[in-house]
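Letter by letter, the chains look like this.
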Amino acid sequence: FEEAKVSLYHIIQNYLPADKVECHFIYQGFLSADSSRYQKEMAVINLTSFSRIMGNIVKNMSEVNTTQAEFIFNYDLRGLHVITKNKIYKLKDQRTHLAEKMRELILRDEKIQTERGRGIGLQSIQSQVKSFGGTFRFKIDNGYWISELFIPRITKIEETRSAA
């Protein structure tokens with residue numbers, strides 16, 4: 001997971017500069033400072049997909065001009081759990097169920113594509129996470145956009161195959 005941290009920090013430096021955004025990182029479970037070497041070695045992810053997913057999340061934070069962001073990573077025997085929170089300022093409409101309505105509209109829109117033909121933003125995150133058998137959801141709570149995702153644990157053998 002150490003390579004993933006380096007990749008994430010580079011993404012954050014590009015989109016959420018330290019002089020404008022206060023970022024906090026929390027590592028739990030197999031990623032915590034007091035976890036064993038064996039546990040750290042079990043914390044395996046697909047680096048390319050992780051970077052794509054987190055890149056989209058961080059870009060979304062940048063687009064709403066956030067000044068605060070929190071990243072919580074928890075790896076256990078089941079896999080990687082990620083919660084991100086960021087303060088949102090562009091949101092003017094605080095109607096109830098706004099997050100659910102936004103989710104339906106954004107994830108349903110098949111026309112959102114990048115120049116390379118891949119989905120962008122939330123649709124891309126959902127697609128990537130689903131391809132690993134994981135889950136992705138988001139909500140708006142007290143002026144914070146909260147994204148939650150889970151990616152099941154892969155073995156070293158699966159990691160080698162996916163890198164090939």
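Residue positions are given per chain, counting from 1 as you read along its sequence in written order. Two thresholds apply to this predicted model, a pLDDT of at least 70 for residue-level local features and 80 or more for giving and counting side-chain atom pairs, whereas whole-chain, interface and lining totals are computed over all residues. Side-chain figures throughout are based on the complete set of non-hydrogen atoms in the structure, without hydrogens or water.

Student: Explanation requested: the side chain of Ser32 in the structure shown.
Tutor: Positionally, Ser32 belongs in the loop between strand E1 (22–29) and helix H2 (37–42). For Ser32, a relative accessible area of 11% translates into the label buried. For the purposes of these results, a polar contact is taken to be a pair of N or O atoms within 3.5 Å, where, inside protein, one atom must be able to donate a hydrogen and its partner to accept one; residues adjacent in sequence count only when each atom of the pair is a side-chain atom. A polar contact is formed between the side chain of Ser32 and the side chain of Asp34, at a distance of 2.7 Å. Should any heavy atoms of two residues lie within 4.5 Å, those residues are considered in contact. Leaving out residues up to four positions away in the same chain, Ser32 has contacts with Tyr27 and Lys40. Helix and strand assignments follow DSSP, with helices taken as H or I runs no shorter than four residues and strands as E runs no shorter than two, numbered in order from the N terminus. Burial status follows relative accessibility: with a 1.4 Å probe on protein chains alone, a residue under 20% of its type maximum counts as buried, one over 50% as exposed, and anything between as partly exposed.

Student: Help me out: how do you make sense of the nonpolar core in this one?
Tutor: The tendency in soluble globular proteins is for nonpolar side chains to be buried side by side. We call a set of buried Ala, Val, Leu, Ile, Met, Phe, Trp, Tyr and Cys residues a nonpolar core when their side-chain atoms join them within 4.5 Å. Counting 34 residues, the largest nonpolar core has Phe1, Phe50, Phe71, Phe73 and Leu80 as the members making the most contacts within it. Those elements that provide at least two residues to this core are helix H1 (2–15), helix H3 (47–63), strand E2 (68–75), strand E3 (79–87), helix H5 (121–131), strand E4 (135–141) and strand E5 (144–152). Per-element accounting of this core gives the leading share, six residues, to H3. What Phe73 contacts, discounting residues up to four positions off in sequence, is Phe1, Leu8, Ile26, Tyr27, Gln28, Leu31, Phe50, Met54, Leu80, His81 and Val82.

Student: Explanation requested: the packing of aromatic side chains in the structure shown.
Tutor: Here a ring pair, both rings aromatic, is described through the centre-centre distance and the interplanar angle of the planes. Planes of paired rings set the category: under 30 degrees apart is stacked, over 60 is edge-to-face and the rest tilted, where pairs are Phe, Tyr or Trp rings (Trp by its six-membered ring) whose centres lie within 6.5 Å. Using the criterion set out here, one finds nine aromatic pairs in the structure. Members of the aromatic cluster, each reached through a chain of ring pairs, are Phe1, Tyr27, Phe50 and Phe73. Above the plane of the ring of Tyr27 lies Lys5, whose end atom (NZ or CZ) is 4.2 Å from the centre. Two conditions define a charge located above a ring, namely a distance within 6 Å from the ring centre to NZ of Lys or CZ of Arg, and an angle within 35 degrees of the ring normal. Over the face of the ring belonging to Phe150 we find Arg78, whose NZ or CZ atom lies 5.8 Å from the ring centre.

Student: What is the right way to read the pairing of E4 from this model?
Tutor: Remember that side chains alternate between the two faces of the sheet whenever the strand is regular. Should DSSP find at least two bridges between two strands, the strands are taken to pair. Bridge analysis of E4 against E5 gives seven bridges, and the strand direction is antiparallel. Bridge pairing in E5 links Ile140 to Trp145.

Student: Even after reading the chapter, I still don't get unusual backbone geometry, so can you show me in this structure?
Tutor: Excluding glycine, residues mostly carry a negative phi; peptide bonds, for their part, are mostly trans. One non-glycine residue, Asn65, lies in the positive phi region at around 55°. In this structure, Asn65 sits in the loop between H3 and E2. In the Ramachandran plot, Asn142 falls in the positive-phi region, its phi being about 50° despite a non-glycine side chain. Residue position: Asn142 is located in the loop between E4 and E5.

Student: Honestly, H1 in this entry has me stumped. Any pointers?
Tutor: Along its 14 residues, H1 runs 20 Å from first to last C-alpha, staying within 8% of the 20 Å computed at 1.5 Å per residue. Within the span of H1, buried status applies to Ala4, Lys5, Ser7, Leu8, Ile11 and Ile12. Along the long axis of H1, the arc covered by the buried residues comes to 165°, so they all point the same way. Relative to its buried face, H1 has exposed residues pointing more than 90 degrees away, namely Glu2, Glu3, Gln13 and Asn14. Its buried side turned inward, H1 meets E1, H3 and E2. Given a helix with a known number of residues, its expected span is that number minus one, times 1.5 Å. Arc, as used here, means the arc of the directions from the helix axis to the C-beta atoms.

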